[in-house]
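Spelled out, the chains give:
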Amino acid sequence: ESGLDGSMKYYSLPDLPKLDSPEGARDLLGLVDYHRANLVVVDTVTRTVEGEENSANTILAVGDTITTPLKRAGISIVWVGHQGKNASKGQRGTSEHGGIDELVWQLNRPKAGPTVLRADKRRAEAWMLPELKLSRVKGADGHVAWELAGGQSVLSPEVEGLVAVLERLSVPPDATVRASASA
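Residues numbered from 1 in each chain as written. Predicted model: local features only at pLDDT ≥ 70, side-chain atom pairs only at ≥ 80, totals over all residues. Heavy atoms only, no water.

Draft legend 1. Looking closely at the overall build of the protein. Secondary structure summary: the protein contains six helices and eight strands in total. When the helices and strands of the protein are placed in sequence order, the string is β-β-α-β-α-α-β-α-β-β-β-β-α-α. Residue burial in the protein is summarised as follows: out of 183 residues, 24% are buried. In the protein, of all internal contacts separated by at least 6 residues, the share reaching a separation of at least 24 is 43%. Accessible surface, the protein as shown: approximately 12700 Å² in total, 52% of it carbon and sulfur. (Helix = DSSP H or I, 4+ residues; strand = E, 2+ residues; numbered from the N terminus. Buried < 20%, exposed > 50% of the residue type's maximum accessible area, 1.4 Å probe, protein only. Contact = heavy atoms within 4.5 Å. Areas by Shrake-Rupley, 256 points an atom, 1.4 Å probe, with all protein chains shown as cover.)

Draft legend 2. Quick peek at a nonpolar patch on the surface. Together, Leu-39, Val-41 and Val-78 give the surface a local cluster of nonpolar side chains, amounting to about 250 Å² of exposed area. Looking at the secondary structure, you find Leu-39 in strand β3 (residues 39-43). (Patch = residues over 30% accessible without salt bridge, like charges linked within 9 Å, V, L, I, M, F, W, Y side chains within 5 Å. Salt bridge = Lys/Arg side-chain N within 4 Å of Asp/Glu carboxyl O.)

Draft legend 3. Summary view of the confidence of the model for the protein. Overall, the predicted model of the protein reaches an average pLDDT of 78, with 79% of residues at or above 70. Averaged pLDDT values over the elements of the protein bottom out at 46 in strand β1 (residues 2-3) and peak at 92 in helix α1 (residues 22-35). (pLDDT = per-residue confidence, 0-100.)

Draft legend 4. Structural context of α1. The terminal C-alpha atoms of α1, which comprises 14 residues, lie 20 Å apart, in line with the 20 Å expected from a rise of 1.5 Å per residue. Gly-24, Ala-25, Leu-28 and Val-32 are the residues of α1 that are buried. Down the axis of α1, the buried set is contained in an arc of 100°. They therefore lie on one face. Exposed side chains of α1 directed beyond 90 degrees from the buried face belong to Pro-22, Arg-26, Asp-33 and Tyr-34. If you follow the buried residues of α1, they end up packed against β3 and α3 (56-72). (Expected span 1.5 Å × (residues − 1). Arc of directions from axis to C-beta.)

Draft legend 5. Expanded view of α3. A maximum bend of about 40° is found in α3 at Gly-63. Among the residues of α3, Thr-58, Ile-59, Val-62, Gly-63, Thr-65, Ile-66, Thr-67 and Leu-70 are the ones counted as buried. (Bend = angle between axes of the 7 residues up to and from the residue.)

Draft legend 6. Spotlight on the pairing of strand β7 (residues 131-138). In this sheet, strand β8 (residues 144-148) lies alongside β7 in antiparallel orientation, the contact comprising five bridges. Residue Arg-136 lies in a different strand from β8, and its bridge partner there is Trp-146. Between β7 and β8, which pair antiparallel one after the other, the connecting turn spans five residues, and Gly-142 there sits at a positive phi close to 90°. (Pairing = 2+ DSSP bridges.)

Written out as C-alpha cells, the structure is:
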C-alpha cells in the first residue's frame, strides 16, 4: 500500500483472495470501506479472478460480488482488461462483460498524433462524447499523466448546457433528479 498524493491509495498485487469469490469480495469491499474510497480500479481482470476470463460464470460472479455492491454504494469501479489479438473483436473474454459494464473504452496510441479513447460500448450514451483525444504530459516530478487535448470536455454539448443551467440555479452537484427539477 502507498498513498500517492495523500488521497489516493494504491495496492500493488495485494494479498487478496480472488475477486470472483465471496472472500475476495469481502476483503476488497472492506478496503473500500476502510479508505472511504469513491473509485476502485482493478488492473487487470484476468489476474484478479480464479475462473476463466472466457467464462460467463466468472464475469457474472464478479458482477454479483464486486460490481453490484459498489454501484449500490455509489462507488465507481474501473476494470482494466485487454483487447484480443483481433482488435475488431474488442476486449478479450466472454461477451458477458457487456452485461455488467456501463462503458467500455478502447485505447488507441498511434505513432503520431494524440492518443484516442473511443467508447466502444456506452449505456449512458447522451452524457459523454464517444471519443476523447489525450495528450501525454510529463510532470516536474517525472510522472507521466494524460490530459484532454485542446481543452476538450468529456461531456456532450447538451449535457454541458444542462450543467451550466444547474450551476446558474445553484443546484449542488449531488442533488437528486427531483431536487434538480424543482429548482
